[in-house]
Amino acid sequence: MAPPSGNDAGQSGNALDNLLTESRTFPPSAEFAEQANATSDLAERASADREAFWAEQAGRLSWTSDWDQVLDWSAAPFAKWFVGGKLNVAYNCVDRHVDSGHGDQVAIHWEGEPGDSRAITYADLKDEVGKAANALASLGLTAGDRVAIYMPMIPEAIYSMLACARLGLTHSVVFAGFSAEALRSRIEDAEAKLVITTDGQFRRGKPAPLKTAVDEAVAQTPTIQNVLVVKRTDTDVEWTEGRDLWWHDVVDGQSTEHTPESFDSEHPLFILYTSGTTGKPKGILHTSGGYLTQAAYTHHYVFDHKAGEDVYWCTADIGWVTGHSYIVYGPLANRATQVVYEGTPNTPHEGRHWEIVQKYKVSIYYTAPTLIRTFMKWGADIPAKYDLSSLRVLGSVGEPINPEAWMWYREHVGGNRCPIVDTWWQTETGAIMIAPLPGVTACKPGSAMGPLPGIGAKVVDESGVAVGKGGGGYLVLDQPWPSMLRGIWGDEERFRDTYWSRFAEQGFYFAGDGAKYDSDGAVWLLGRVDDVMNVSGHRISTTEVESALVSHAKVAEAAVVGASDPTTGQGIVAFVILRGGATEGGDIAKELRDHVAKEIGPIAKPRQIMVVPELPKTRSGKIMRRLLRDVAENRQVGDVTTLADSTVMDLISSGLNRGS
Ligand code: 6R9
């Protein structure tokens with residue numbers, strides 16, 4: 001694996017040079033600083049005594065038994081946080097706010113894609129989660145069982161996650177844009193007993209079936225006992241008697257009363273699958289006390305969230321970790337009032353998000369660079385038509401944000417008044433790790449600035465030595481943190497191997513990202529250094545897409561690269577060799593793109609498919625993606641001396657116009 005520099009840095013080399021000459025800074029206004037949750041002494045307090053600091057943060061939650069030890073790192077890299085402590089995660093996110101007299105506060109302003117809406121108070125949420133918990137218990141599920149959730153962004157998806165948490169069931173949310181095959185493999189890996197889904201989902205204004213994919217998946221997963229179906233689109237569904245149950249039949253008649261049981265701080269809360277460098281997604285395991293502590297802590301400080309005052313909106317889908325930590329667990333633990341939106345940003349028109357901001361007077365808005373770039377493309381006149389004066393903090397997550405997009409976001413969405421928090425973290429880290437603190441940090445457009453108080457992160461060289469100001473290398477986390485992953489489900493060796501072997505001697509967690517310090521010591525994230533692409537903030541491995549392509553009868557070999565893309569960050573470009581050496585394109589590109597969509601999901605569809613006669617390989621048979629990236633990004637092809645056959649690139653370049 002090469003150190004991240006130039007073309008190998010995931011982002012294009014030019015972008016990197018531009019980034020590091022970025023010198024604009026935006027210090028917080030006195031007004032904002034005055035009222036901010038974060039104060040400049042926070043970092044000092046955290047470094048004076050990290051464990052005491054985290055213990056103080058855990059005090060944000062209600063525990064039924066105190067912990068005896070803040071951190072047990074004796075079995076590293078398997079951490080235990082708040083050892084011996086007990087709590088119920090759902091109680092912390094719901095009931096306690098009702099108990100403290102805030103039952104009438106809106107928890108969720110839910111906005112459906114077709115324009116239907118629901119206001120759900122904390123008292124409503126408690127009733128709905130109580131009913132759902134009673135229903136899941138009545139199906140015979142007990143603490144420790146796994147439940148797959150395959151649903152669009154409707155309130156029942158959140159009730160389901162919280163009902164699982166309440167019963168100590170471990171949920172595995174599978175993005176509803178994923179294929180039946182992706183769902184099947186995740187159910188199989190986690191040995192889930194129940195899938196919760198819907199009849200259909202709205203996609204760009206039209207209902208599309210969803211349960212059909214579940215039927216296809218569970219035909220091959222014997223561990224599934226029931227399929228619980230919420231009626232959302234009134235789409236016709238096939239029904240397997242005894243296995244399939246309607247949500248309205250099973251949940252609606254249940255009692256709203258449900259007494260929460262306390263679980264150990266380390267009780268498994270969820271598994272979330274994410275792409276790694278091999279074709280098989282990793283089931284990232286998170287537990288309860290430490291996870292919720294850091295989700296709540298970061299949501300409080302990074303977004304400067306004020307319970308009962310702010311209206312918060314995170315535009316992620318619950319199928320991603322951002323939806324877990326910053327729609328469900330962090331905000332609800334902090335008694336947020338939040339907007340949850342079901343649909344796409346341009347349904348029915350390109351001002352939909354701004355219309356929602358105006359309607360609910362959203363004050364904190366958290367989204368992804370890919371969407372900001374899309375808004376830029378649609379034009380600044382669109383947000384200009386709406387009253388966005390309620391906004392006071394803007395956030396970004398999922399991939400590096402280009403300074404240009406940052407400046408546009410600041411001006412056209414934030415009215416040059418709102419601090420922008422660029423938040424770096426991963427499915428594995430569970431919660432935000434690197435971000436500015438609004439009210440304290442002077443922000444630079446495009447930089448995530450530095451690790452949060454209590455977090456140890458640094459940029460090191462090839463041999464694990466920290467680089468100085470102006471230096472670049474690999475991003476590592478050098479201290480355990482409360483919301484860290486507790487492993488990969490069922491695969492201890494892969495866990496050690498993926499994250500802990502690269503800098504084993506130093507005991508660092510290797511994040512897989514390249515990073516640099518600028519001359520002031522601010523951190524700039526440069527993209528992945530491994531074979532993981534980042535398309536619109538979604539992690540997709542090159543191997544996953546290659547495997548999907550090769551599973552098509554006409555494909556002999558495939559190599560996939562992420563090429564920089566002005567809107568999606570990276571776009572997927574596939575080079576394929578057809579069986580029998582055929583080079584004629586025809587409709588093959590469309591056929592293969594559809595095939596990938598079926599195997600993985602539409603988000604993994606290659607932007608471009610090139611039919612080639614050969615692939616560039618080293619003598620050891622490793623595909624040199626660097627060279628293919630040069631082709632995909634229309635650059636001069638780089639050094640070919642390590643190729644087994646150095647004429648291959650000429651062959652590829654000369655035959656390129658076909659098939660794409
Ligand atoms: C939360 C989330 C994690 C990968 C991560 C990195 C990229 C996320 C970023 C960022 C630069 C940011 N990433 N946030 N890169 N700046 N603010 O996205 O989790 O889906 O697991 O992706 O996303 O490459 O390693 P996940």
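Here the structure is a predicted model, which is why all the values come from computation and not from measurement.

Calculation notes
- Residues numbered from 1 in each chain as written.
- Predicted model: local features only at pLDDT ≥ 70, side-chain atom pairs only at ≥ 80, totals over all residues.
- Heavy atoms only, no water.
- Pairing = 2+ DSSP bridges.
- Helix = DSSP H or I, 4+ residues; strand = E, 2+ residues; numbered from the N terminus.
- Axes fitted to C-alpha atoms, helices over the stretch in contact; angles between N-to-C directions.
- Contact = heavy atoms within 4.5 Å.
- Core = buried A, V, L, I, M, F, W, Y, C linked by side-chain atoms within 4.5 Å.
- Buried < 20%, exposed > 50% of the residue type's maximum accessible area, 1.4 Å probe, protein only.
- Near = heavy atom within 4 Å.
- Polar contact = N/O pair within 3.5 Å; in protein donor to acceptor, adjacent residues only side chain to side chain.
- Areas by Shrake-Rupley, 256 points an atom, 1.4 Å probe, with all protein chains shown as cover.
- Domains from an automatic or database assignment.
- Buried area = accessible area lost by both parts, 1.4 Å probe.
- Salt bridge = Lys/Arg side-chain N within 4 Å of Asp/Glu carboxyl O.
- Nonpolar A, V, L, I, M, F, W, Y, C, P; charged D, E, K, R; others polar.
- Expected span 1.5 Å × (residues − 1).

(A) Fine view of the sheet that holds strand β7 (residues 170-173). Strand order in the open sheet formed by seven strands is β12-β11-β8-β6-β7-β14-β15, and the pairing between neighbours is mixed. Two strands close off the open sheet at either side, each with one partner strand: β12 (244-246) and β15 (282-287). Going from strand to strand, the sheet's axes swing by 25° on average, the running direction of each strand aside. Of the strand pairs in this sheet, strand β8 (residues 194-198) and strand β11 (residues 226-230) are connected by five bridges, and their pairing is parallel. Directly across from Ile196, in β11, lies its bridge partner Leu228. Strands β6 (146-149), β8 and β14 (268-274) of the sheet are contacted by helix α8 (residues 180-190), whose axis makes an angle of about 140° with β14.

(B) Structural detail: the nonpolar core. Formed by 113 residues in total, the largest nonpolar core has its most connected members in Leu125, Leu136, Leu162 and Tyr329. Looking at this core element by element, the count peaks at nine residues for helix α7 (residues 155-167). Not counting residues within four places of it along the chain, the set of residues in contact with Tyr329 comprises Val89, Cys93, Met161, Leu162, Ala165, His171, Leu269, Phe270, Tyr291, Leu292 and His324. With 43 residues, the next largest nonpolar core counts Val174, Phe178, Val535 and Val576 among its residues.

(C) Representation of the site of the ligand within the structure. Near the ligand, the surroundings consist of 17 residues, among which Asp422, Thr427, Asp513, Arg528 and Arg539 are the closest. A distance of 3.4 Å separates a nitrogen atom of the ligand from a polar backbone atom of Glu399. Within the side chain of Asp513, one N or O atom sits 2.5 Å away from an oxygen atom of the ligand. Surface burial for the ligand is 96%, taken as the share of its 530 Å² of free accessible area covered by protein chains. Of all the secondary-structure elements, those providing two or more residues to the shell around the ligand are α12 (321-333), β20 (420-423) and β24 (523-528).

(D) Region of interest: the domain arrangement of the chain. Partitioning the chain into structural domains gives domain 1 (30-455) and domain 2 (536-659). Each of domain 1 and domain 2 has a C-alpha centre, and these two points are 34 Å apart. Taken together, the contact between domain 1 and domain 2 spans 25 residues of the former and 19 residues of the latter. Contact between domain 1 and domain 2 buries roughly 1,600 Å² in total, counting both sides, with carbon and sulfur atoms accounting for 45%. The tally of links from domain 1 across to domain 2 stands at two salt bridges. Our enumeration of links across domain 1 and domain 2 arrives at 13 residue pairs in polar contact (both at pLDDT 80 or more). Sorting the residues of the side of domain 1 that touches domain 2 by element identifies α8 and α14 (369-378) as the ones contributing at least two each. With four residues, α14 is the single largest residue contributor to the side of domain 1 that touches domain 2. Here the residues of the side of domain 1 that touches domain 2 are counted per class, giving five nonpolar, 13 polar and seven charged.

(E) The arrangement of helix α6 (residues 122-138) in detail. Compared with the 24 Å implied by 1.5 Å per residue over 17 residues, the 24 Å span of α6 between its first and last C-alpha is a close match. Buried within α6 we find Tyr122, Leu125, Val129, Gly130, Lys131, Ala132, Ala133, Asn134, Ala135 and Leu136. In the segment just after α6, Gly140 is the residue with positive phi, at about 90°.

(F) Region of interest: the sheet that holds strand β22 (residues 472-477). Reading across the sheet, the four strands line up as β21-β22-β23-β24 and stay open at both edges, with antiparallel pairing between neighbours. The sheet is open, and its two borders are formed by β21 (457-460) and β24, each paired with just one other strand. Taking the axes of each pair of neighbouring strands and ignoring which way they run, one obtains an average angle of 45° across the sheet. Across five bridges, the pairing between β22 and strand β23 (residues 509-517) is antiparallel.

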